[in-house]
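# Structure at a glance
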Number of protein chains: 2
Amino acid sequence: MRQIENMFSKSCEYGLKAVIYIASQSLEGKRIKIDDIAEKAGSPRAFTAKILGTLTKFNIINSLKGPYGGFDIEIKRMKEIKISEIVFAIDGDSIYNGCALGLTECNAQEPCPMHENFVQIREELKKMLETTTIFELATKFNSGESILVRKDRIAS
Amino acid sequence: MRQIENMFSKSCEYGLKAVIYIASQSLEGKRIKIDDIAEKAGSPRAFTAKILGTLTKFNIINSLKGPYGGFDIEIKRMKEIKISEIVFAIDGDSIYNGCALGLTECNAQEPCPMHENFVQIREELKKMLETTTIFELATKFNSGESILVRKDRIAS
DNA sequence: ATTATTTCAGACAAATTTATCTTAATATAA
DNA sequence: TTATATTAAGATAAATTTGTCTGAAATAAT
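Below, the structure is looked at part by part. (Residues numbered from 1 in each chain as written. Chains lettered and ligands numbered in written order. Predicted model: local features only at pLDDT ≥ 70, side-chain atom pairs only at ≥ 80, totals over all residues. Heavy atoms only, no water.)

## Some words on the relation of the copies chain B and chain A
Operational definition: Least squares is the method used to superpose the copies, on C-alpha atoms of residues holding a pLDDT of at least 70 in both. Contacts between residues were defined by any pair of non-hydrogen atoms, one from each residue, lying within 4.5 Å.
Relative to chain A, chain B is turned by 180 degrees and slid 0.0 Å along the rotation axis, the superposed coordinates differing by an RMSD of 0.0 Å. Such values leave the two copies arranged in the relation of a two-fold axis. For chain B, the minimum C-alpha distance to the rotation axis belongs to B:Ile121 and amounts to 3.2 Å. Most of the interface of chain B is mirrored in chain A: 100% of its interface residues are interface residues there too.

## Describing the environment of B:Ser146
As a reminder, the rule being used: Only runs of H or I of at least four residues qualify as helices and only runs of E of at least two qualify as strands under DSSP, and these elements are numbered from the N terminus.
As for its position among the elements, B:Ser146 is in the segment after helix H7 (134–142). Residues in contact with B:Ser146, not counting those within four places in the same chain, are A:Pro111, A:Cys112, A:Pro113, B:Lys140 and B:Phe141.

## Remarks on the protein's contact with DNA strand D
Spelled out, the test is: Proximity is defined per residue: if any heavy atom of the residue lies within 4 Å of a molecule or strand, that residue is considered near it. Each polar contact in these results corresponds to two N or O atoms within 3.5 Å; when the atoms are within protein, one needs to be able to donate a hydrogen and the other to accept it, and residues that are neighboring in sequence are counted only if both atoms are side-chain atoms.
As a structural note, the neighbourhood of DNA strand D is formed by 26 residues, with A:Ile34, A:Lys50, A:Ser63, B:Tyr14 and B:Pro67 the closest of them. Among the atoms of DNA strand D close to the protein, meaning within 4 Å, 76% are from sugar or phosphate groups. B:Lys10 is positioned with one of its backbone polar atoms (N or O) 3.1 Å from a phosphate oxygen of DNA strand D. One of the side-chain nitrogen or oxygen atoms of B:Lys50 is found 3.2 Å away from a base oxygen of DNA strand D. Those elements that place two or more of their residues in the surface near DNA strand D are helix H3 (45–57), strand S1 (62–64) and strand S2 (70–72) of chain A together with helix H1 (10–26) and helix H3 (45–57) of chain B.

## Notes on the protein's contact with DNA strand C
Contacts to DNA strand C come from 26 residues, most closely from A:Tyr14, B:Lys33, B:Ile34, B:Lys50 and B:Ser63. What you see for DNA strand C is that sugar and phosphate hold 72% of its atoms within 4 Å of the protein. The backbone of A:Lys65 places a nitrogen or oxygen atom 3.4 Å from a sugar or linking oxygen of DNA strand C. The set of elements that each furnish at least two residues to the surface near DNA strand C consists of helix H1 (10–26) and H3 of chain A together with H3, strand S1 (62–64) and strand S2 (70–72) of chain B.

Shown next, in the form of C-alpha cells:
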C-alpha cells in the first residue's frame, strides 16, 4: 500500500531528476545522452527515455537524434520552466483540485471532513511548485549543494 | 500516471472515510455494519472490509461478529486517535522520511535538489495529521458541515 | 443445538504503474 | 551512400495496487 511520502509518481521522480540533470549539464554547455542521464539520476534507462519523449513533446527539453545527439535545455528556457509544468506534462492536469478522501469534487461549499485541514497545505504546495524553476534546482545541483542519487547507489 | 492530488492511497481514503463514518454513528450510539459503511462512504464493500480488518487489529476500531454485530469506536478512543495513526496502520511506517525525488535518504546534510522546498510543507502536513482527531472529523460530519460522498454518487 | 447474521481470512482477478525489449526513424560523419 | 550513433515508438512483461469471491469462524436469538 502506497505511502504518503511518495509525493510524486515514479514517472514524475524520474522526469524531474532527468530534467534537473539535463539542465545542470546544459549550464555547462553540454548536451547529454540518455545512458548518462539514467546513470547519473539513478533511474531505469528505458523508462526514463519514454518520459523524456513526453517532456520533449511538451517542449520542456530539446532532443537530437544521432551521433552527438542527446538532450538539452536552453538557459533561457530553464529559467522559465517551473516544477509544476513538468508534473503537468507527466501526470496530466487536475493537479490541485483533488480531494484527500477522493471526492470527485471537494470545495468550501461541500467539503469532505478533511478539506479545511488541507487548504493551507495545498496552497503552499501549489505556490512552491509554481514558483520554483528548473534553473534554481539545476544551479543548486551543480554547485554540489544537492544530490540526485545516494553515493552507494551509483553504478561504479 | 498517478496524480499528486492523490495525497493518500485508495486504501487510506477508504480507511479514513470508514472510520469517520463509524465514529459518526458511534457518537449516536449506533454500531454499524460493513454494507452500510460501504454505501455511506461510497467505497467498495469487500475492499473496505479488508481494510477494516487491519484497523481492528490496530485497535483503532472495534468489531463484533454475528447478528447485531458491526463496527464501532468508543468516544474516548475517537478523541485520542489522530489521522496519522490510521495512515500508519494502513500504509505502514516511514510516513515522513520520504524524499520527493525518491532518494533512499534525504536530509539537510545531503539533500535532493528539492529538499529545502519541501521542508516546510512536510512539517505542516505532519503537524496536521498528528493533531487532527477522528472525533473532530466525525463531529464535523455529523453536523452536516462535511460529506463523504457526492450526492450524485450515492446508491438510492 | 440450530439457524441466521455478521466479520475474518485467504485465494483469486482486474487495473494501473513501472519497467524492458526490439525495431524504426533520424542525424552525423566519413 | 554507407556505417554508426542516437532518440522514438510500440509491444510486451513484471510488479503493485485495487478489487471480488468464497468459505470459515464467531455471535446472538430462538
